[in-house]
Structure formats: structure tokens, C-alpha cells
Amino acid sequence: MSIYDSLNEEQKKGVFTTEGPVLLLAGAGSGKTRVLTHRAVYLIEELGVNPYHILAITFTNKAAGEMRERIDDMVGYGSENIWVSTFHSTCVRILRRFIDHIGFGTNFTIYDTEDQKTIMKDICKRLEIDTKMYKEKSLLAAISSAKDELISPEAYALRAQGDFRKMKEAAVYREYQQVLRKNNALDFDDLIVKTVELFQSDMEVLDYYQERFRYIMVDEYQDTNTAQFQLIKLLAGKYKNLCVVGDDDQSIYKFRGANIYNILNFEKEFPNAVTIKLEQNYRSTQNILNAANGVIANNVGRKAKRLWTENEEGEKIAFHQFETGFDEADYVAKDIRSKVREGMYHYGDCAVLYRTNAQSRLFEERFITASIPYKIVGGVNFYSRREIKDLLAYLKTIDNAMDDLAVRRIINVPKRGIGATTLSRVQDYADENGLTFYNALKMAEEIGTIGRASAKIRPFVMLIQSMRSKLPYISVSELLQEIIEETGYVRELEAENTEEAQQRMENIDELISKAVTYEESEEEPTLSGFLEEVALVADIDSVDETQDYVVLMTLHSAKGLEFPQVYLAGMEDGLFPGFGAICAENPTAEIEEERRLAYVGITRAKERLSISCARMRMIRGETQYNKVSRFVKEIPRELLAGTIQKEKMPDIPKPSMMAKNAFSAKPMALRRTGVPEARNFGNSAMKKPLDYAVGDTVSHLKFGTGVVKQIIDGGRDYEVTVDFSGVGVKKMFASFAKLKKL
Ligand SMILES: Nc1ncnc2c1ncn2[C@@H]1O[C@H](COP(=O)(O)OP(=O)(O)OP(=O)(O)O)[C@@H](O)[C@H]1O
Ligand SMILES: [Mg+2]
């Protein structure tokens, strides 16, 4: 029996139609990737094609790794000569060899986001751009979108005629490209753009690669952008042996310029393309598949298609609504533990999927305490994320400043213009005098070798000292707020206005939630106590290196992967779909994109799917009452085990409970100072009178407008309950919520 016998007729067609363009459009789990891997094997083993002539492109490094593995398992010899890689690494390889044909050196540097920002700051200064009106990050975002569409600076300028803002952007774009060229550098988007440029301007190089890559395959085709499409078109221009596979229902990267018209364009560019549709799903049980079908059917703008499977019906989809996100994480941990114990699954068979990166925190903490090995795929562990490390370094420095590394980490965050030479001289001084780095900083004026640079150090020391003096009066979460305010940390991220910055802000909000939870659970919360508690879970490097681990990741990173047991967590309106989509200018399009993401999530599960949500979720220290996600309600009821309860207004705690109530942030323990009056002083010092009352209409930055339902004097702060028109009832601290009376 050959490996091809296991394919169905349509899949065979995809594998055996090796010559000419092929478009394979099909739903999740129907074997698209399997067609690509078998096709590669067929070309080599049956048609005798040299692996050297095959190029397979996919979306993420993980997907590329899995594809390579699947091919290696089937091909005896030479499979390493196939290029299996992402768009970007394909382009890097090509450019390293030939970019000198378009005026760059082949030893070019690839700029990351930080480098880009530095360059952009310079340019704005030089061109005297008002960076309040034209934020560096949004300028970079505009340039990036232009590059996705292959729009050159000149073309950008032409299109900008009359639009003042766009004309400015065009000027910046031109300058930016010149600086990059001068530095012999490319940014991430340039990797694609320059390869296209190289191919368009140098027929010989193009011909070389067209001859080389006689067989080209592209997975996850629905998420390619215009520039990537051009690249493929050029490469496949001669032999036209191009096979693209994708699923329009899984297009989830519109925000990165993915262009769904590439599917339509394909048939236009390659009019004689063979189109193949697959309808049988081999991955999931009937119940899981029907759930996915039920959800995606609610997208109006889609080609109707319905997947079916011969797999067994399987278990119903477990649905649980918990009181809190903590309970949810606890359940997932226990469920995994018992399944592993019973021998039903290995850890590696289980995946926890969520909408936003910040959600990993609760699971990580729970898994660490339960000794469940886990790995975050396509991301970094919560406590290793840059913004979290920065803020923790501030907290440590304020707490005792004994940790030189922490102090050095934040001395120039935000930029204070303190140079490396100055820092090393401060270090020398510290070493000579047996001081900590921070104590040396405090004495900067006395360090002769650093001269005027001491003036730049002073504000930093003042900041830390002033925060320290507030310690007796404010809670850890308030301290975090102050740090963020004083350093402008979040303001900078807001100004960036990018997906990445958005995620960083969400992570910071999650750290604030962590602090509030800590304050709620401790009798005597202290900053040192908080840092100790964090250290227990933050020290993830010590987790054993093991092959068998639970995978945690965002839904976006889960594309193309599959697991026997999947936990879809945080299925709440407001989180998934997020407020961003619900309150968007054009909610239909955004909700449809979120729904495709839900479809991706559900279809990752092979045998068991567990969906969960929390009634109350703390976000940025505020407790939100969330409804069950509309996507859960779109799953036919008979497929769910567990009931979706009718929504009810949250119980609002009575004022008498407030003294003990979890919501009142406690001031830091007085142990540190021993000043008994401090608590009272602290109370009145922090709380500002409110300029709104019950019944007033107020606005919130994220939730929009709503009516104030209740205000409770929680001692140190007011706790305000607001019914927002878009997102429902939320309870929040007045000092955090920054509500504006309308
Ligand atoms: N003809 C078949 N016989 C048996 N198993 C199959 C067959 N086709 C596909 N499968 C299995 O079904 C699962 C899904 O296949 P694959 O990952 O290729 O689907 P896909 O269409 O690429 O899914 P996605 O849209 O999620 O990327 C895999 O485990 C694969 O091995
Ligand atoms: Mg696939």
C-alpha cells in the first residue's frame, strides 16, 4: 500500500496535479497541509524531481517545522534540500545572495522594531515633524501598510496629493528609506519588498530562481498580503507550477494587510488554474465540527460550505462558566492533571488557547503551582515579557534597590540620555567604594569622572526616592499606577498605536490585576511581600526541560496546528469578541474576523473541546462582569454539555460589606514605617471627590458611555458601578477608571 492510498479522490487530485497552477480552497482539518506534504513526496519519489527544485512556504516557524518533519518522515533521502520556510526567511536567503544587484551590501542588517523607532525619532527631529501630531509609531505603521501593498515612497506621494497628513507621511517614508539604504539595512517588510524589487529589476536573478523553484507551494494562502502575492507570482512566472492552499474562513490577519482578494486574483492571474475543494474533515469529532460549522455560518460575507466527517460523534463540548478567571485556570489545571493521571492524555496532547497574550498569566501561575509543565508557543512567558520586567524592576528598585541588574534595567527606561560611559563610571565608583549601583547613583554629584552627566541621573534618583516616600500610604497597585504615570510608560505605548503596543498594555493591565488580587488575599500586603510572591512564579527558568508539556498560546498562533484536547478559555463578550471589535466603527467586519478566529480555535480540537468563561474578570484591577461570548451561543445547544445561564444583573455588594470587601485596595502595611497615623493620612490623601453621581451619564476611554448605577465609598477609593450601553455593567475604582461626566 502506498502513502497515497490514504488520500481521498480530491486530495489525490491536489497531489497528482503537479503541473500548472492549482488552487485548493477548503475548510479546517480537511487535509490541505497534508496534500502539500504528500505532493512534495510525490514529486521527489514518483516523478524524480530534485528536492532542490521545491519551495514550500508557510506562515509561522512552528508550522514550517511541522511541515518539514512530516516530509522528512516520508522521504528517504535529500528532503533537507527542499526549502520549507516562511516568507521572510525565504527572502532573507535570496537577498543575502543577490541584494548587491540593487545597491545594498549582502551583509545587510535587519532592523527590529526598536531600531526602526530610533531611526524614526531622528528623522522626525530632522524634518521638524511635530511628533504630537504625527506619532513615530503611527508613521511607521503607515509605512508598513504601504509596503504590504508595494506602494513606493514616490507612489505614496502621488496618491497623497492634497492630503496634508499623507504628504507628510510620504516625505517621512522617503527619508526613512534613504536612511535605511545609507545604513545598509532593511526592515522586516523590506525583506519582501526588496525581493520583489530585485526580481523586477534583474531578469537574470529572477530567471535563476524561476529555474530553481520549479515547484512552489504556499500554505495558509488566505493570509498573504499583496506584496507576498507579487513575490509568488514572479517566482512562479515561468513554470507556473504553483499550488496554493487556504481557507477563507480562517483569514485572521487583516490587520496585518492580508488580502483576501488574493484568492480571487489567483484565478485571474492564472486563468487555467485547477480549483479543488475538500469537504471531508479528518481531524475532529462530529460534535466539534458541527460546533465550528454552527459558529462560522453566522458570517454573512462568506462562500457557503459545510464540512462533514466520518469520525465518530465524540463527546459533547464541555462548557463551564466560572465565577472568576482564577477558578477557570484552576479547573483547566485540575482537568489536565486528572486526564494525565488516568493515562488518557499526555501533557503534550493538551492546548490552552486564548484571545490575548495577557491571559496566559493566570494559567502560568496555576500550572507552576500545580507542577504542570507548559510552554508558551509563539510568545514569551508572562513574567519574562519586557514591560513586565521593566515594571518589576521599578518595584524592586523602590523596594530596596539592592538588585543592581534591576536598577540598570530601568535607568534609561524611559530614555534619560544617560550614556554607557557614564554608567560604567558609576559602576567603577560603586566598586571602588563598596556601594550598590543605586547608592552610587545617589552620590552622582560626587563622582568627578562623570561631570555634567550627573544632572541626568538626578531626576531618576528623585523619582525613586519620591515613590519610596509614598510607600506607607499607597498600595502596590496604586504604586504601579504611579510608576506608569510618572514614567509615561503607558502613554508611550498608547502613542505607538500598534498591535504590539496594545498587547504590552494588556500585559501591564494584567500585572495591575495581579497586584490587586494580591492585596485582596493578604492581611498585610507589602511591596516586598508582593515581589516575593511574584518571584515564586516568575522564576520559570527553573522549570524542567521536558519534551512533554501543555501548550499555551493565542488563537492567532494556533493556526494550522491540532491537539487531541483543546481548552478555549475566556470565551466572554468583551474579551472574545473584544471590546475593540464590539465598539468598532464597522463592527460587522471586525466581529466577522473575530468569528473566523473562533472557528480557527474550535477546529484545532481533535477529540475533546472544553470551552470556558468567567462571570467576573479582573482587568486592570477592575472587576468586569462579562456575558458569555456570543460565539458560544452560536454553537447549537444540543452539542454543549453544560448550560448557558440567563444573564442577570450582578449582585452589587452592600456598603456594609465594603470594609472587608475585596475591592478596597489596602494600603501597604505600616510595618515599614511604624507610623500609626499613616493609614488615615493615606486614606484622605489618595481619594479625590467625584464630579459625578448616581444617575449621571459618564464616559470611559474603552467602554464608551454609560449610566452610573451605584457609588460606594470604599474608604481609600470610590467603587463605581456603571451600566455601559455597549458592554454592560462594570464595576471599577474611581481612581483607575477616570470616568468623565458628560
Ligand atoms: N485522507 C486522510 N486520511 C486520514 N487522515 C487524514 C486525511 N487527510 C487529512 N488527514 C488528517 O487530518 C488532520 C488534518 O489535516 P491537515 O492538518 O492537513 O488539515 P488542514 O486542512 O491543513 O487544516 P487547517 O485548515 O487547520 O490548516 C491531520 O491529522 C491529517 O493527518
Ligand atoms: Mg493546514
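The residue numbers shown here count from 1 along each chain, following its written sequence. For naming, the first written chain is A and the first written ligand is 1, with later ones following in the order written. This being a predicted model, a pLDDT of at least 70 is required before a residue's local features are given, and a value of 80 or more before pairs of side-chain atoms are given or counted; all residues contribute to the totals for chains, interfaces and linings. The basis for every side-chain value is the complete set of non-hydrogen atoms in the structure, without hydrogens or water.

1. Regarding unusual backbone geometry
The condition that has to hold: Think of it this way: any DSSP run of H or I at least four residues long counts as a helix, any run of E at least two long counts as a strand, and we number them from the N terminus. For every residue, the accessible area (1.4 Å probe, protein chains only) is compared with the maximum for its type, and the residue is labelled buried under 20%, exposed over 50%, or partly exposed between those bounds.
Backbone torsion omega between Val413 and Pro414 reads -5°, so that peptide bond is classified as cis. For Pro414, the position within the fold is in the loop between helix H17 (404–410) and helix H18 (420–433). A cis amide bond links Phe576 to the next residue, Pro577, at an omega of 0°. Position of Pro577 among the secondary structure elements: in the loop between strand S13 (563–568) and helix H25 (579–582). Even without being a glycine, Ser371 presents a positive backbone phi close to 55°. Tracing the backbone shows Ser371 in the loop between helix H15 (360–369) and strand S11 (374–376). By relative accessible area, which is 58% here, Ser371 ends up exposed.

2. Thoughts on the packing of aromatic side chains
Ring pairs (aromatic) are described by centroid distance and by the angle formed between their planes. How we decide: Two aromatic rings from Phe, Tyr or Trp, using only the six-membered ring of Trp, form a pair when their centres are within 6.5 Å; if the ring planes differ by under 30 degrees the pair is stacked, by over 60 it is edge-to-face, and anything between is tilted.
Per the counting criterion, the structure on display carries 19 aromatic pairs. Plain terms: the ring middles of Tyr156 and Tyr173 are 6.0 Å apart, the flat faces sit at 90° to each other, and that makes the pair edge-to-face. Placement of Tyr156 in helix H7 (residues 153–160) and of Tyr173 in helix H8 (residues 164–182) is noted, with a sequence separation of 17 residues between them. Of the two residues, Tyr156 and Tyr173, neither departs from the other in class, the shared state being buried. Each ring, one from Tyr209 and one from Phe213, has its centre 5.9 Å from the other, and the planes form 20°; the classification is stacked.

3. As for a negative patch on the surface
Selection rule: Nonpolar side chains (Val, Leu, Ile, Met, Phe, Trp, Tyr) within 5 Å and like charges within 9 Å form the patches, drawn only from residues with over 30% relative accessible area and no salt bridge. All accessible areas in this document rest on Shrake-Rupley with a 1.4 Å probe, and a residue is counted as covered only by the protein chains that are shown. Salt bridges are identified by distance alone: a Lys or Arg side-chain nitrogen within 4 Å of an Asp or Glu carboxyl oxygen. Neither His nor the chain ends contribute to the count of charged residues, in which Lys and Arg are positive and Asp and Glu negative. In plain terms, the charge of a residue is placed at NZ if it is Lys, CZ if Arg, CG if Asp and CD if Glu.
Where like charges cluster on the molecular surface, the negative patch consists of Glu69, Asp72, Asp73 and Glu80. Locating Glu80 in the fold gives a position in the loop between helix H3 (61–74) and strand S3 (83–86). The class for Glu80 is exposed, based on a relative accessible area of 56%.

4. Things to note about the pairing of strand S6 (residues 215–218)
Here is the rule we go by: If DSSP finds at least two bridges between two strands, the strands pair. When the strands point away from the viewer and the connection leading from the first strand across the helix to the second strand turns clockwise, the crossover is called right-handed.
Because side chains alternate across S6, one face comprises the buried residues Tyr215 and Met217, and the other comprises Ile216 and Val218, equally buried. Note that strand S2 (residues 54–58) and S6 share 4 bridges and pair parallel. When the bridges of S6 are listed, Ile57 appears paired with Val218. Pairing analysis gives 3 bridges linking S6 to strand S7 (residues 242–246), with the strands arranged parallel. Within the sheet, the bridge partner assigned to Val218 lies in S7 and is Val244. Following the chain from S6 across helix H11 (residues 226–235) to the adjacent parallel S7, one finds a crossover that is right-handed.

5. Section: the pairing of S3
Burial along S3 is two-sided: the residues Trp83 and Ser85 and Val84 and Thr86 are all buried. Here S2 runs beside S3; their pairing, made up of 4 bridges, is parallel. Paired with Thr58 across the strands is Thr86, a residue of S3. Once the chain exits S2 it traverses H3 before rejoining the sheet at S3, and the crossover so formed is right-handed.

6. So, the packing of helix H13 (residues 286–296) against helix H26 (residues 587–602)
Quick note on the threshold: Whenever a helix is involved, its axis is fitted only over the stretch in contact; in every case the axis is a line through C-alpha atoms, and angles between N-to-C directions fall within 0 to 180 degrees. Angle categories are assigned with fixed cut-offs, so that under 35 degrees is roughly parallel, over 145 is roughly antiparallel, 65 to 115 is roughly perpendicular, and the rest are oblique. The contact criterion used is simple: two residues touch if any of their non-hydrogen atoms lie within 4.5 Å. Gly falls in the polar group here, along with every residue not listed as nonpolar (Ala, Val, Leu, Ile, Met, Phe, Trp, Tyr, Cys, Pro) or charged (Asp, Glu, Lys, Arg).
Interaxial distance between H13 and H26 falls to 9 Å at its minimum, and their mutual angle equals 175°. Comparing the axis directions of H13 and H26 gives the class roughly antiparallel. Note on element contacts: H26 touches H13 through Arg595, Arg596, Ala598, Tyr599 and Ile602, opposite Ile288, Ala291, Ala292, Val295 and Ile296. Taken together, the residues of the contact of H13 with H26 sort by class into 8 nonpolar, no polar and 2 charged.

7. So, the UniProt feature "binding site: ATP" (unreviewed entry) in the protein chain
Just so we agree on the cut-off: UniProt positions are given in the numbering used here, feature names are shortened, and annotations may be inferred rather than shown by experiment.
Taking the UniProt record as the reference, the feature "binding site: ATP" (unreviewed entry) is found at Ala26, Gly27, Ala28, Gly29, Ser30, Gly31, Lys32 and Thr33. Note that Gly27 resides in the loop between strand S1 (22–26) and helix H2 (32–45). Residue Gly27 is classed as buried on the basis of its relative accessible area, which comes to 0%. Ignoring sequence-local partners within four residues, the contact set of Gly27 consists of Lys32, Asp247, Gln250, Leu278, Lys305, Leu307 and Tyr599. Relative to the assigned elements, Thr33 resides in helix H2. With residues up to four places along the chain from it excluded, the contact list for Thr33 reads Met67, Arg70 and Asp219.

8. Some details on the nonpolar core
Basically, it comes down to this: In these notes, a set of buried Ala, Val, Leu, Ile, Met, Phe, Trp, Tyr and Cys residues joined through side-chain atoms within 4.5 Å is what counts as a nonpolar core.
Membership of the largest hydrophobic core comes to 59 residues, with the highest contact counts inside it found for Leu392, Leu395, Leu441, Phe460, Leu479, Leu511 and Phe530. It is helix H23 (residues 499–521) that contributes the most residues to this core, 8 residues altogether. Here Leu395 is in contact with Leu479, Leu480, Ile483, Leu527, Phe530 and Leu531, once residues within four sequence places are set aside. Counting 45 residues, the second-largest nonpolar core is a separate cluster that includes Leu289, Ile317, Leu609 and Ile644.

9. Looking at the pattern of salt bridges
Charged atoms that come close allow side chains of opposite charge to pair. The full count for this structure, using the stated rule, is 40 salt bridges. Residue Glu197 is joined to Lys194 by a salt bridge in which the shortest nitrogen-to-oxygen separation is 3.1 Å. On the criterion of helical spacing, the pair formed by Glu197 and Lys194 is a turn pair, its members being 3 residues apart in helix H9 (residues 188–201). When its relative accessible area of 7% is taken as the criterion, Lys194 is described as buried. For Glu500, the salt bridge is made with Arg504, and the minimal N-O distance between the two is 2.8 Å.

10. A word on helix H6 (residues 136–148)
Applied cut-off: Multiplying 1.5 Å by the residue count of a helix minus one yields the expected span of that helix.
In this model, H6 (13 residues) spans 19 Å end to end at C-alpha, consistent with the 18 Å of a helix rising 1.5 Å per residue. Among all positions in H6, only Glu136, Lys137, Leu139, Leu140, Ala142, Ile143, Ala146, Lys147 and Asp148 are buried. One or two residues past the end of H6 sits Leu150, with phi positive at roughly 60°.

11. With respect to the sheet that holds S7
The parallel open sheet is built from 6 strands, whose spatial order is S3-S2-S6-S7-S1-S8. The sheet terminates laterally at S3 and strand S8 (274–278), the two strands that pair on one side only. Going across the sheet, the axis of each strand differs from the next one's by a mean of 15°, ignoring polarity.

12. Digging into helix H1 (residues 9–16)
As a reminder, the rule being used: This arc describes the spread of directions from the helix axis toward the C-beta atoms. Pairing of N or O atoms within 3.5 Å defines a polar contact, subject to two protein rules: one partner must be a possible hydrogen donor and the other a possible acceptor, and residues neighboring in sequence count only if both atoms are side-chain atoms.
If you check which residues of H1 are buried, you get Gln11, Lys12, Gly14 and Val15. Seen end-on, H1 carries its buried residues on one side only, within an arc spanning 160°. Those residues of H1 that are buried are in contact with H2 and S8. Its side-chain oxygen at 3.2 Å from the backbone nitrogen of Glu10, Asn8 defines the N-terminal cap of H1.

13. Focus on the side chain of Thr309
Here Thr309 shows up in the loop between H13 and strand S9 (317–324). A polar contact is formed between the side chain of Thr309 and the backbone oxygen of Asn281, at a distance of 2.8 Å. If near-sequence neighbours (up to four positions away) are discounted, Thr309 is found in contact with Asn281, Ser284, Thr285, Gln286 and Leu289.

14. Section: the confidence of the model for the protein chain
As a reminder, the rule being used: Per-residue confidence from the prediction method is given by pLDDT, with values spanning 0 to 100.
Residue-level pLDDT values for the protein chain average 87, and 93% of them are 70 or greater. Element-level mean pLDDT values for the protein chain span from 35 in helix H28 (residues 678–686) up to 98 in S13. Counting interchain partners and residues more than four positions distant, the pLDDT-below-50 stretch residues 652–686 has 73 contacts. This prediction of the complex comes with two scores: 0.78 for pTM and 0.99 for ipTM.

15. Topic: the site of ligand 1
Let me state the cut-off plainly: We call a residue near a molecule or strand as soon as one heavy atom of that residue lies within 4 Å of the molecule or strand.
As a matter of local geometry, ligand 1 sits amid 19 residues, with Ser6, Lys32, Thr33, Glu562 and Arg604 nearest to it. One nitrogen or oxygen atom from the side chain of Gln250 is found 2.8 Å from an oxygen atom belonging to ligand 1. In the model, an oxygen atom of ligand 1 is placed 2.8 Å from a nitrogen or oxygen of the Arg604 side chain. Isolated, ligand 1 exposes 640 Å² of accessible area, and the fraction of that covered by the protein chains is 87%. A total of 3 residues in the shell around ligand 1 trace back to one element, the largest contributor, which is H2. Across the shell around ligand 1, the residue classes break down as 3 nonpolar, 9 polar and 7 charged.

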